[in-house]
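Structure at a glance
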Amino acid sequence: MAQPIHKGRAFKFGDGISTDLIIAGKYAHLRSNLPELAKHAMEDANPDFVKLVKTGDFIVAGSNFGLGSSREHAPLVIKMAGVSAILAKSFARIFFRNAINQGLPALICQTDKIAEGDILEISLDEGLIRNITRNESYSFTRIPPAMLNILNEGGLIPYINRHGDLKL
Amino acid sequence: MGKTISEKILSVKSGSDARAGDIVICPVDLVFVQDTTGPLTIRQFKSGKKQTLAAPHRTALFIDHASPSPNRQLSNDHIFIREFAAETGCLLFDAGSGVCHQIVAERLARPGDIIVGADSHTVTAGALGAFATGMGSSDVAVAMSLGKTWLRVPETIGIEVTGKFSRGVGAKDLVLYLIGMIGADGATYKALEFTGSAADDMPVWQRLTVSNMAVEAGAKVGLFRSDKVTEKYLKLQGRRKEYIPIAADADAVYERMITVAADQLEPMVAMPHAVDNTATAGSLGEIRVHQVFIGTCTNGRLEDMAQAASILKNKKVRSGIRLIVCPASSKIYAESIKAGHIQAIIEAGGIILPPGCAGCLGLHQGVLGDGEVCLSTANRNFKGRMGNPEGLIYLASTATAAASALTGRITDPREAL
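Description of the sheet that holds strand 6 (residues 131–134) of chain B
Residue and element names in this part refer to chain B. Overall, parallel pairing links the 5 strands, which are arranged 4-3-2-5-6 in an open sheet. Both outer strands of the open sheet, strand 4 (91–93) and strand 6, are each paired with one neighbouring strand and no more. Averaged over all neighbouring strand pairs, the angle between strand axes comes to 20°, with direction disregarded. By the bridge criterion, 4 bridges tie strand 5 (residues 114–117) to strand 6 in an arrangement that is parallel.

Given below as structure tokens:
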């Protein structure tokens, strides 16, 4: 299945963005009210993030993005905020799997050349990130085939509902 | 070619010759959620086509992260969890039972099991030789319904711990030292396997501390072999029959080996706001603390209560310092009362909380004020972790925490022993 091409602005973050920075544990009481929870996405890393982000935009970060808790609410609130993909030098294991399971592309690439506000265009099929602002392109590490199948179905639950079983 | 513990367990469970890098589908022996990940997991489960549990008696729900509930919304989440348990007949450990990982160790985890939990510290059960790993709600919902999951067989980093720990130094210092050395992403996607004389000698309560924090180096599992020490622990829990020995082959292939000399270790502290930001307790200079927290799935065991009590007995927590102590399970709580630990802690001025996660993740029971410093025996010191991004969290062993409660500053526990 062909993936859409995503286009949007880069929101830059540093290394080691924990799940507590993505969605703080103190908001656990909002986890059964996802629209309210999503208002606090990335709050302790960039308090204006939810106000500024628009549908299609990207989170562009350093290494070990999403370390910490297994809360799937972390990729979920990022997706609900409108983010179409996360680009990072590396991801923490559980977060990476959770993002794919939520149908949110998590792409491993060099992110140093991308600046805050750069306009990016990402083609998952071509494996290419175009930085329109800087007229550059970057490649990203291909998502493993087993996980790409899940991403292509929009996440793990839609995948299982369609296939009835894990078939990797 | 020999196999690591991960390769051995995943080979048996997947019915294939599993090697690092392979992707396998495995049956799951235990699946669990807790009260902050459970509601989403249950909703994911209910949005699936198959809405029956594969194994109700091996599916567990824990109310531990906010227990008893501090607010209306979480109380309603707890109702939702209890109703699901009643509908499906799965196991429910309600408020006051204790932290999920402690109860899993006491009652549910078996050597050689594959355990999937919607909590990153599911790795704790690696101390009993179980391939136990944390996953998100979608994966756990699928494991609940299909009774299986997919796993990439991890490469293994062997951690050989030689010699013996010196007085005042233990498992927490070892694991903080290790994370400081390899970094918070030093073992991402990998297994850690602990070997060597000091690891083999470590009792299960210490192994649990080490495995618990494997995830703080990014690891998928933190494994100890299953041996006589494991058997003794299972016997104490009335589960001797569940013991099987598991060890890596002598010619197993490790991605790399790291040797740590236990004799050389000193009491360690992780400084704000990262677990790999470590230093020796003695090198910190004057760090005043406002709150000391002893407990959690890392250090809330009976032996932690005993250690805290022995340091605090007949002494007083320094004026102006809050000492908060939380046994990790109701079993530990009851045994700590019987042994006199709780009385010693209360008489020293400590506050005892009901078994659960307490203030570890900032929901209640010890949220920090602006600029306040907490010395905690938990596993995370991320910015905002204890409910306030303006709070500062240091991590250390129970001995360091108890000694620091007496002085009001971060203190090398060897001064108090």
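After presenting the structure, the write-up continues.
Comments concerning the domain arrangement of chain B
Residue and element names in this part refer to chain B. Domain boundaries in chain B define domain 1 (7–262) and domain 2 (268–410). The interface is formed by 31 residues belonging to domain 1 together with 29 residues belonging to domain 2. Contributing elements (two or more residues each) for the side of domain 1 that touches domain 2: helix 4 (100–108), helix 6 (171–182) and helix 8 (204–212). With 6 residues, the single largest contributor to the side of domain 1 that touches domain 2 is helix 6.

Some remarks on the sheet that holds strand 2 (residues 58–61) of chain A
Residue and element names in this part refer to chain A. The strand order across the open sheet built from 7 strands is 4-3-2-1-5-6-7, with neighbouring strands paired in mixed fashion. Looking along the sheet, the strands with just one partner apiece sit at the ends: strand 4 (106–108) and strand 7 (136–139). On average, each strand axis in the sheet is tilted by 30° relative to the strand beside it, whichever way the strands run. Sheet topology note: the strand 5 (residues 119–123)/strand 6 (residues 128–131) ladder contains 4 bridges and is antiparallel. Within strand 6, the residue paired with I122 across the bridge is I129.

Brief notes about the pairing of strand 5 of chain B
All names here are of chain B. Neither face of strand 5 is exposed, since I114 and V116 on one face and I115 and G117 on the opposite face are all buried. For strand 2 (residues 30–34) and strand 5, the ladder comprises 3 bridges, and the chain directions are parallel. Bridge pairing links L30 to I115 in strand 5.

Re the interface of chain A and chain B
Frequently, the measure chosen for interface size is the accessible area removed from exposure when the parts meet. Listed per partner, the contact involves 38 residues of chain A and 48 residues of chain B. Considering each element in turn, the side of chain A that touches chain B owes the most residues, 5 residues, to helix 5 (residues 93–101) of chain A. Of the residues in the side of chain A that touches chain B, the class split is 13 nonpolar, 16 polar and 9 charged.

Calculation criteria
- Residues numbered from 1 in each chain as written.
- Chains lettered and ligands numbered in written order.
- Predicted model: local features only at pLDDT ≥ 70, side-chain atom pairs only at ≥ 80, totals over all residues.
- Pairing = 2+ DSSP bridges.
- Helix = DSSP H or I, 4+ residues; strand = E, 2+ residues; numbered from the N terminus.
- Axes fitted to C-alpha atoms, helices over the stretch in contact; angles between N-to-C directions.
- Domains from an automatic or database assignment.
- Contact = placed C-beta atoms within 7 Å.
- Buried ≥ 20, exposed ≤ 12 C-beta atoms within 10 Å, placed from the backbone.
- Nonpolar A, V, L, I, M, F, W, Y, C, P; charged D, E, K, R; others polar.

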